[in-house]
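Here's the letter readout for the chains.
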Amino acid sequence: MATATVVQMAPYVGTALTAMASFIFTVSASAKVRKRPQDRKMLEALGFNVAQANKLAAIELASTVLFAVPNTMMFGVALLTAYLGGAAAAHVRLGQLPTQPVVVAMLVWTAACLREPRLLALCWEGIAGDIL
């Protein structure tokens, strides 16, 4: 009985995690568009010039919208994963730990797995197959 409740709650938890991830990406994109001095400094420290900020924000917002819409969620997950991979690479290039992009990528994938039961089954089958 408890397992059925957990399985029934998974899509709701996944939707809540999707909202959290979408909020993170929206705030990040708005910071790039506003171009406050501290945001400029951060972009420049990561190796981007301020002229690229609008393009990065557009990519971020478009990927977030695709992630939030159920029919295009997997395409959005793929785009956000690639975006966060680039962010992690930028951090590593500067000798920093890529903790933030990796944690956000884990949030995105957890949300996707909870929202889409077939994806969860596929991921779990791959993990269980490696262990067993």
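The text that follows walks through the structure, step by step, so that each part is easy to find. Residue positions are given per chain, counting from 1 as you read along its sequence in written order. Thresholds applied to this predicted model are a pLDDT of at least 70 for local features of residues and 80 or more for the giving and counting of side-chain atom pairs; totals over whole chains, interfaces and linings are not thresholded and use all residues. With hydrogens and water excluded, all non-hydrogen atoms of the structure serve as input to the side-chain values.

1. Overview of the pattern of salt bridges
Here is step 1: Salt bridge criterion: a side-chain nitrogen from Lys or Arg within 4 Å of a carboxyl oxygen from Asp or Glu. Tallied over the full model, the rule gives 3 salt bridges.
Here is step 2: The residue Asp-39 makes a salt bridge to Arg-36 at a minimum N-O spacing of 3.1 Å.
Here is step 3: Here's how the labels work: a residue is buried when its accessible area is under 20% of the maximum for its type, exposed when over 50%, partly exposed in between, all with a 1.4 Å probe on protein chains only. Look at Asp-39 and you get buried, because its relative accessible area is 10%.
Here is step 4: With a relative accessible area of 35%, Arg-36 lands in the partly exposed category.

2. Regarding the packing of aromatic side chains
Here is step 1: Pairing of aromatic side chains here covers Phe, Tyr and the six-membered ring of Trp, requires ring centres within 6.5 Å, and sorts the geometry by plane angle: under 30 degrees stacked, over 60 edge-to-face, intermediate tilted. The tally for this structure, following the rule as stated, stands at 0 aromatic pairs.
Here is step 2: In this scheme, the term charge over a ring applies when either NZ of a lysine or CZ of an arginine sits within 6 Å of the ring centre and within 35 degrees of the ring normal. The cationic tip of Arg-115 hangs over the ring face of Phe-67; the distance from NZ or CZ to the ring centre is 5.6 Å.

3. Things to note about the side chain of Ser-63
Here is step 1: In this structure, Ser-63 sits in helix H3 (residues 53-68).
Here is step 2: A residue is classified by how much of its surface remains accessible, and Ser-63, at 3% relative accessible area, is buried.
Here is step 3: Sequence-distant contacts of Ser-63, that is, excluding residues within four places in its chain, are made with Gly-76, Leu-79 and Leu-80. Strands are runs of DSSP state E lasting at least 2 residues, helices are runs of H or I lasting at least 4, and numbering of each runs from the N terminus. Contacts are assigned to residue pairs with any non-hydrogen atoms lying within 4.5 Å of each other.

4. Topic: the packing of helix H4 (residues 73-93) against helix H5 (residues 99-115)
Here is step 1: Packing of H4 against H5 leaves a shortest axis separation of 9 Å and a crossing angle of 165°. Viewed along their axes, H4 and H5 adopt a mutual orientation that is roughly antiparallel. The two elements H4 and H5 cross, and the hand of that crossing is left-handed. Each of Met-73, Met-74, Val-77, Leu-80, Thr-81, Leu-84, Ala-87, Ala-88 and His-91 in H4 lies in contact with H5, whose residues at this interface are Pro-101, Val-104, Ala-105, Val-108, Trp-109, Ala-112 and Arg-115.
Here is step 2: Each residue gets one label: Ala, Val, Leu, Ile, Met, Phe, Trp, Tyr, Cys and Pro are nonpolar, Asp, Glu, Lys and Arg are charged, and the others, such as Gly, are polar. Of the residues contributing to the contact of H4 with H5, the split by class is 13 nonpolar, 2 polar and 1 charged. Every axis corresponds to a line fitted to the C-alpha atoms, with the helix fit spanning only the stretch in contact, and the corresponding angles, defined between N-to-C directions, vary from 0 to 180 degrees. An angle below 35 degrees is read as roughly parallel, one above 145 as roughly antiparallel, one from 65 to 115 as roughly perpendicular, and any other as oblique. Each crossing is labelled by how the near helix is turned from the far one, with a counterclockwise turn of less than a right angle marking it left-handed and a clockwise turn marking it right-handed.

5. A few points about the nonpolar core
Here is step 1: We call a set of buried Ala, Val, Leu, Ile, Met, Phe, Trp, Tyr and Cys residues a nonpolar core when their side-chain atoms join them within 4.5 Å. The biggest cluster of nonpolar side chains holds 22 residues, and the ones touching the most others in it are Phe-25, Phe-67, Val-77 and Val-108.
Here is step 2: Of all the secondary-structure elements, those providing two or more residues to this core are helix H1 (2-34), H3, H4 and H5.
Here is step 3: If one sorts the elements of this core by residue count, H5 sits on top with 8 residues.
Here is step 4: Those residues in contact with Val-77, other than ones at most four positions away along the chain, are Phe-67, Val-108, Trp-109 and Ala-112.

6. Quick notes on H3
Here is step 1: What a helix is expected to span follows from its residue count: subtract one and scale by 1.5 Å. Between its terminal C-alpha atoms H3 stretches 22 Å, which fits the 22 Å expected from 16 residues at 1.5 Å a residue.
Here is step 2: Residues of H3 that are buried: Ala-53, Leu-56, Ala-57, Glu-60, Ser-63, Thr-64 and Phe-67. For H3, the arc enclosing every buried residue in end-on projection is 135°, short of the 170-degree limit, so these residues lie on one face. Opposite its buried face, H3 presents the exposed residues Lys-55 and Val-65, each directed more than 90 degrees away. Note that the arc is computed from the directions linking the helix axis to the C-beta atoms.

7. Focus on the environment of Gln-96
Here is step 1: The topology assignment puts Gln-96 in the loop between H4 and H5.
Here is step 2: Taking the relative accessible area as the measure of exposure, Gln-96 reaches 38% and is therefore partly exposed.
Here is step 3: Polar contacts involving the side chain of Gln-96 include one to the side chain of His-91, which spans 2.7 Å. Side-chain atoms alone can form a polar contact between residues adjacent in sequence; in general such a contact is a pair of N or O atoms within 3.5 Å, and within protein one must be able to donate a hydrogen while the other accepts it.

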